[in-house]
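Reading the structure
Residues per chain are reported as follows:
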Amino acid sequence: MSAIQAIRGMNDVLPDEAALWLAFEQIVERWLERWGYRNIRVPLVEHTALFRRAIGEATDIVEKEMYSWRDELNDEELTLRPEGTAGCVRAVIEHNLLYDGPKRLWYAGPMYRHERPQKGRYRQFHQYGAEAIGYPGPDVDAELIVMCARLWQELGLEGIRLELNTIGSPQERARHRTDLVRHLEAHAEMLDADAKRRLHTNPLRILDSKNPTVQQVVANAPDLMTYLGEQSREHFDGLRKLLAAANVEYVMNRKLVRGLDYYNGTVFEWVSDRLGAQGTVCGGGRYDGLFVLLGGKPAPAAGFAIGCERVVALLKGSNRAPATPCPDAYVLQQGEGTLEFAFGIADALRSAGYAVVQHAGGGSLRSQMKKADASGAALALIIGEDELRAGEVTVKPLRDARAQLRVARATIVGRLSEFLKGG
Ligand code: HAM
């Protein structure tokens, strides 16, 4: 029978690599809690309307990348979440979480986008997201950015640059949009099919075009910065001052507009040159209009999401990748009645906090010793009929030349740390 394979763009993470994921997740989750963010867990599946409204009809995600289907039983249009902000905001509104003030929240998990898979771009990928909800000021924009800078430091990752922009308020963008469309129309012969398609749906995304001819037109296009009112300017200046105070460097990227429509004001991306074409490891910004758009009371908010696959790829390439943890002891046994004895010892050691692997599957003592060695354990605990009769365990250090010795069953739990340290 032919073997069934995983879906293209949806990856297995095998144990060797999963150890790195676990180490990464522990660091990130401690870091989020240290910055005062609290965990929220929302479903993977939501009503399609949520994403259409939040992310925007004229975005790549909504136009062509969502895994959506009709649930005939309930007569509902459903979608696998392509990102986490929409579901998080929906939950905050639904449960009235802002009743006693602003909230800092984080979430993690798989997201689904039907993109063309390539290195760093998958159809199932994972994010850590942070959302600071109910805070209007640039201090929170700065907090979100500085906390990322500190995470890269903690992970030992270098060369991740911050790209920063402000896209103003919806009113400022509307005025800019009118002039932008006029400019682009005047150079229509230089636009490609994609730019022409976006001209009347999402012209800001044309600024992002990779086509050199379109870039020429864009180079002389009206600059959104000159359309910003006093409030938007002050907000952005406030952010820049706080970034300077925290010694966080950035490059201004006037073309950075992000691929989701809910943003206003500050937008940012963290980009690495070491990942090829898919170098953005984190993206975010302010989205003050989303609560009203989703039927809630007005609430200012800002956040970001980190792409885990891309950060883990950077960790793999750095020499700071955390080592795979090895067991403290590997328990092996042979002979009548020894299995029960060994089981009890392994169990007692684990209850005392040690990492213990018990050999399973039988075999000669020699082949069991090979398994013990390959496990990376510091010690082998050997139980034969002789040990069983004497009520003892043979402790054999596996990582140095120390001689093995016999230890009374009654004292092994208390003494194990001594053997682990003695290497
Ligand atoms: P996003 O820029 O669409 O923003 O995604 C955030 C990050 O997820 C990207 O920078 C990238 O690292 C990773 N990512 C996105 N698509 C893929 C993919 N197909 N394969 C692998 N990694 C991917 C958001 O999702 C917003 N919800 C962020 C946000 C939170 N804004 C405010 N709050």
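The present account deals with the structure reproduced in this document. Fair warning: this is a prediction, and the values are worked out from it, not measured in the lab. (Residues numbered from 1 in each chain as written. Predicted model: local features only at pLDDT ≥ 70, side-chain atom pairs only at ≥ 80, totals over all residues. Heavy atoms only, no water.)

**Side note on the site of the ligand**
Residues in close proximity to the ligand total 25 residues, the closest being Glu-83, Glu-115, Glu-131, Tyr-263 and Thr-280. Between the ligand and Glu-115 there is a distance of 2.6 Å, counted from a nitrogen atom to a side-chain nitrogen or oxygen. Contacts to the ligand include Gly-307, whose backbone N or O atom sits 3.5 Å from an oxygen atom. Relative to its unbound accessible surface of 660 Å², the ligand loses 96% to contact with the protein. At the level of elements, strand E6 (124-133), strand E10 (280-286) and strand E11 (301-307) are the ones that each hand at least two residues to the shell around the ligand. Ranked by residue count, the leading element in the shell around the ligand is E10, at five residues. (Near = heavy atom within 4 Å. Polar contact = N/O pair within 3.5 Å; in protein donor to acceptor, adjacent residues only side chain to side chain. Areas by Shrake-Rupley, 256 points an atom, 1.4 Å probe, with all protein chains shown as cover. Helix = DSSP H or I, 4+ residues; strand = E, 2+ residues; numbered from the N terminus.)

**Some points on a nonpolar patch on the surface**
A surface patch of nonpolar side chains, amounting to about 220 Å² of accessible area, comprises Leu-44, Val-45 and Trp-69. With respect to the helices, strands and loops of the structure, Trp-69 is situated in strand E3 (residues 68-71). Exposure remark for Trp-69: the relative accessible area of 34% places this residue in the partly exposed category. (Patch = residues over 30% accessible without salt bridge, like charges linked within 9 Å, V, L, I, M, F, W, Y side chains within 5 Å. Salt bridge = Lys/Arg side-chain N within 4 Å of Asp/Glu carboxyl O. Buried < 20%, exposed > 50% of the residue type's maximum accessible area, 1.4 Å probe, protein only.)

**Digging into the packing of helix H2 (residues 48-55) against helix H4 (residues 85-94)**
At a minimum axis distance of 9 Å, the contact between H2 and H4 shows a crossing angle of 105°. With respect to H4, the axis of H2 lies roughly perpendicular. Taken together, the residues of H4 that come into contact with H2 (itself represented by Leu-50, Phe-51 and Ala-54) are Ala-86, Gly-87 and Arg-90. (Axes fitted to C-alpha atoms, helices over the stretch in contact; angles between N-to-C directions. Parallel < 35°, antiparallel > 145°, perpendicular 65-115°, else oblique. Contact = heavy atoms within 4.5 Å.)

**Things to note about the layout of surface pockets**
Empty space within the second largest pocket amounts to approximately 530 Å³. Of all the secondary-structure elements, those providing two or more residues to the lining of the second largest pocket are H2, helix H6 (170-186) and helix H10 (290-293). Looking at which element gives the most residues to the lining of the second largest pocket, the answer is H6, with four residues. Tallied by class, residues from the lining of the second largest pocket come to 13 nonpolar, five polar and seven charged. (1 Å grid on protein atoms, 1.4 Å probe; cavity = no way out; pocket = protein on both sides within 12 Å on 5 of 7 lines; lining within 4 Å. Points joined across faces, edges and corners; volume = space filled by probe spheres on them. Nonpolar A, V, L, I, M, F, W, Y, C, P; charged D, E, K, R; others polar.)

**Some points on helix H9 (residues 230-245)**
Look at H9: 22 Å from first C-alpha to last across 16 residues, which is about the 22 Å you get at 1.5 Å a residue. Those residues of H9 that are buried are in contact with helix H5 (138-155), strand E7 (160-166), H6, strand E8 (251-252), strand E9 (264-272) and E10. (Expected span 1.5 Å × (residues − 1).)

**Focus: the sheet that holds E11**
Spatial strand order, E1-E5-E6-E11-E10-E9-E7-E8: eight strands in an open sheet with mixed pairing. The open sheet has two free edges, formed respectively by strand E1 (38-39) and E8, since each of these has just one partner strand. Summarising the sheet, strand E5 (residues 103-112) and E6 pair through 10 bridges and their orientation is antiparallel. Opposite Trp-106, over in E6, you have Ala-130 as the bridge partner. In this fold H9 packs onto E7, E8, E9 and E10, with an angle of close to 160° to the strand it touches most, E7. (Pairing = 2+ DSSP bridges.)

**Brief notes about unusual backbone geometry**
Of note in this structure, Asn-247 is not a glycine but carries a positive phi near 60°. On the basis of relative accessible area, Asn-247 is assigned to the exposed category, the value being 70%. The phi torsion at Arg-258 lies on the positive side, around 70°, for a residue other than glycine. The residue Arg-258 is located in the loop between E8 and E9 in this model.

**Quick word on the sheet that holds strand E14 (residues 379-383)**
Spatially, five strands are ordered E13-E12-E14-E15-E16 in an open sheet, and the strand pairing comes out mixed. The outermost strands of the open sheet, each flanked by one partner alone, are strand E13 (356-358) and strand E16 (405-408). Sheet twist, expressed as the mean angle between neighbouring strand axes with direction ignored, is 30°. With four bridges connecting them, strand E15 (residues 392-397) and E16 associate as antiparallel partners. Note that in E16 the partner of Val-393 across the bridge is Val-407. Sheet strands in contact with helix H12 (residues 338-351) are strand E12 (329-333), E13, E14 and E15, and its direction is about 165° off that of E13.

**Observations regarding the pattern of salt bridges**
Under the defined criterion, the tally for this structure stands at 30 salt bridges. In this structure, Arg-254 and Asp-223 form a salt bridge, with 2.9 Å as the shortest nitrogen-oxygen distance. Highlighted residues: Arg-254 in the loop between E8 and E9 and Asp-223 in the loop between helix H8 (212-219) and H9, separated in sequence by 31 residues. Relative accessible area serves as the criterion here: at 24%, Arg-254 is assigned to the partly exposed category. Linked through salt bridges whose partners overlap, the residues forming this network are Asp-60, Glu-63, Lys-64, Asp-194, Arg-197 and Arg-198.

**Considering the nonpolar core**
Nonpolar side chains in soluble globular proteins tend to be buried together. Counting residues in each nonpolar core, the largest one holds 48 residues, and the members touching the most others are Trp-152, Trp-270 and Phe-304. Take this core: its biggest share by element is 11 residues, from H5. Excluding anything up to four places from it in sequence, Phe-304 contacts Trp-31, Tyr-128, Gly-129, Ala-130, Glu-131, Leu-144, Met-147, Cys-148, Phe-268, Cys-282, Gly-283 and Gly-284. By size, the runner-up hydrophobic cluster in this structure holds 33 residues, among which are Met-66, Ala-86, Tyr-107 and Val-267. (Core = buried A, V, L, I, M, F, W, Y, C linked by side-chain atoms within 4.5 Å.)

**Remarks on the state of the cysteines**
Tallied over the entire structure, the rule returns zero disulfides. Free cysteine: Cys-148, not disulfide-bonded; nearest cysteine sulfur from Cys-282 at 3.9 Å. Here Cys-308 is not disulfide-linked; the sulfur of Cys-282 is the nearest cysteine sulfur, at 10 Å. (Disulfide = S-S within 2.5 Å.)

**Some details on the packing of aromatic side chains**
In total, this model carries six aromatic pairs according to the counting rule given. Summarising the aromatic geometry, the rings of Trp-106 and Tyr-128 are spaced 5.9 Å apart at their centres and angled 45° between planes, so their arrangement reads as tilted. Here Tyr-128 lies in strand E6 and Trp-106 lies in strand E5, a separation of 22 residues in the sequence. Judged by its relative accessible area of 5%, Trp-106 falls in the buried class. (Phe/Tyr/Trp six-rings, centres within 6.5 Å; stacked < 30°, edge-to-face > 60°.)

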